[in-house]
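Residue strings, one per chain:
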Amino acid sequence: MAITSGLIRDISIDNGDGFENSVYFSFDIDWVSDEVLQHFIELVESANIFATVFVTHETELLEKMRNSEKFDLGIHPNFNFLLNGDFRYGKNFREVIDYYHKMVPEATVFRSHSLFQSSHVLDYVAEIGFTHECNLYIPVSSGINLKPYYHWSGNMLRVPHYWEDDLNIVYQHNYTANELVNRYGLKIFDFHPIHLFLNTSDFLVYENAKTSLNDFELLKTKVNTEKTGVRDIFNSLLNAIK
């Protein structure tokens, strides 16, 4: 059976394991510059895949993604400031969620920055109409075959992911693309546009680029070309599902 790409918003358990024959590419944009975001958009368009994009900030490029059937926009609230007593995004978790929801009022998919979650957050996002929540990371090395399941509200699916670019560096996994896309269960990948652009192979690549994040010409000189990195893995996944 051919493996295709899909959007997280379309994952359903009402028709059995229909998600089995799809992979789901998701992307946390994490406040990247428009130049890096444009590079990411072009990468997705040239790959001809579907992309679920978790939004962190306003940019004119959101409209470009809205106008393409290949993209679906969700939200990526940052609760870290609130946890440290900084109320820049809101004085409580509801206000933080509302702050991001106003950027993407049509969003139905939700993933927190740093994968922050609580029962209160889950209840609220289900209450205001989100249909898919994506905060559970269960690494492929666990050997667990992942499936979506309903939050207790009965109207929102929790959809765990098993691969994330930065955590893959932490775990130092070396699974082949074929092993990843042909395994049983739900197959959601989480990438970050900055790591795709830099072809991040280890955190030194990113650390060395941090002072250049807002200087695109200088940032281009920081791209990793020596070791297998995130963009190489992304390309191998694309080849595996062709």
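The structure presented is a predicted model; accordingly, all values stated were derived computationally and were not measured.

Participant: Whenever I open this one, the packing of helix α4 (residues 93–103) against helix α5 (residues 119–127) confuses me. Can you help?
Facilitator: Between two packed helices, the angle of one axis relative to the other and the distance separating the axes together describe the packing. In contact at an axis separation of 10 Å, α4 and α5 are set at 45° when each is read in the N-to-C sense. Classified by the angle their axes make, α4 and α5 are oblique. Crossing hand, α4 versus α5: right-handed. Between α4 and α5, the residues in contact are F93, R94, I97 and D98 and H120, V121, Y124 and V125, respectively.

Participant: I'm lost on the pattern of salt bridges in this one. Help?
Facilitator: Opposite charge on two side chains lets them pair, provided their charged atoms get close. Tallied over the full model, the rule gives 12 salt bridges. Close ionic contact of E63 with R66 constitutes a salt bridge, the shortest N to O distance being 3.3 Å. Linking E63 with R66, this pair stays in helix α2 (residues 61–66), spanning 3 residues, or about one helical turn. Judged by relative accessible area, R66 falls into the partly exposed class, the value being 31%. With a closest N to O distance of 3.5 Å, E207 and K210 form a salt bridge. Given the relative accessible area of 42%, E207 is considered partly exposed. Among the ionic contacts, a cluster of salt bridges with common partners joins R9, D10 and D72.

Participant: I tried to follow unusual backbone geometry on my own but got confused; where do I start?
Facilitator: What you tend to see is this: most non-glycine residues have negative phi, and most peptide bonds are trans. A positive phi angle, close to 45°, is found at D30, a residue other than glycine. On the secondary structure map, D30 appears in the loop between β2 (22–28) and α1 (34–47).

Participant: Hey, could you run me through the packing of aromatic side chains in this one?
Facilitator: Geometrically, a pair of aromatic rings is defined through the distance of the ring centres and the angle of the planes. One pass over the full model with this rule turns up 20 aromatic pairs. Relative to F130, the ring of F110 has its centre 5.8 Å away and its plane inclined at 75°; by these criteria the two rings are edge-to-face. Remark: F130 occurs in the loop between α5 and β6 (132–133) and F110 occurs in strand β5 (residues 109–110); sequence separation between them is 20 residues. Ring geometry for W163 and F189: centres 5.9 Å apart, planes at 55°, overall tilted. With W163 in strand β9 (residues 163–164) and F189 in strand β10 (residues 188–191), this pair connects stretches of sequence that are 26 residues apart. Each of the two residues, W163 as well as F189, counts as buried. A network of ring pairs unites the aromatic residues F25, F27, F40, F71, Y162, W163, F189, F191 and F234 as a single cluster. Between K70 and the ring centre of F50, over which it is positioned, the NZ or CZ distance is 4.3 Å. One cation-aromatic arrangement involves R94 over Y124; the distance from NZ or CZ to the ring centre is 5.8 Å.

Cut-offs used in this document
- Residues numbered from 1 in each chain as written.
- Predicted model: local features only at pLDDT ≥ 70, side-chain atom pairs only at ≥ 80, totals over all residues.
- Heavy atoms only, no water.
- Axes fitted to C-alpha atoms, helices over the stretch in contact; angles between N-to-C directions.
- Helix = DSSP H or I, 4+ residues; strand = E, 2+ residues; numbered from the N terminus.
- Parallel < 35°, antiparallel > 145°, perpendicular 65-115°, else oblique.
- Left-handed = near helix turned anticlockwise from the far one by under 90°.
- Contact = heavy atoms within 4.5 Å.
- Salt bridge = Lys/Arg side-chain N within 4 Å of Asp/Glu carboxyl O.
- Buried < 20%, exposed > 50% of the residue type's maximum accessible area, 1.4 Å probe, protein only.
- Phe/Tyr/Trp six-rings, centres within 6.5 Å; stacked < 30°, edge-to-face > 60°.
- Lys NZ or Arg CZ within 6 Å of the ring centre and 35° of its normal.

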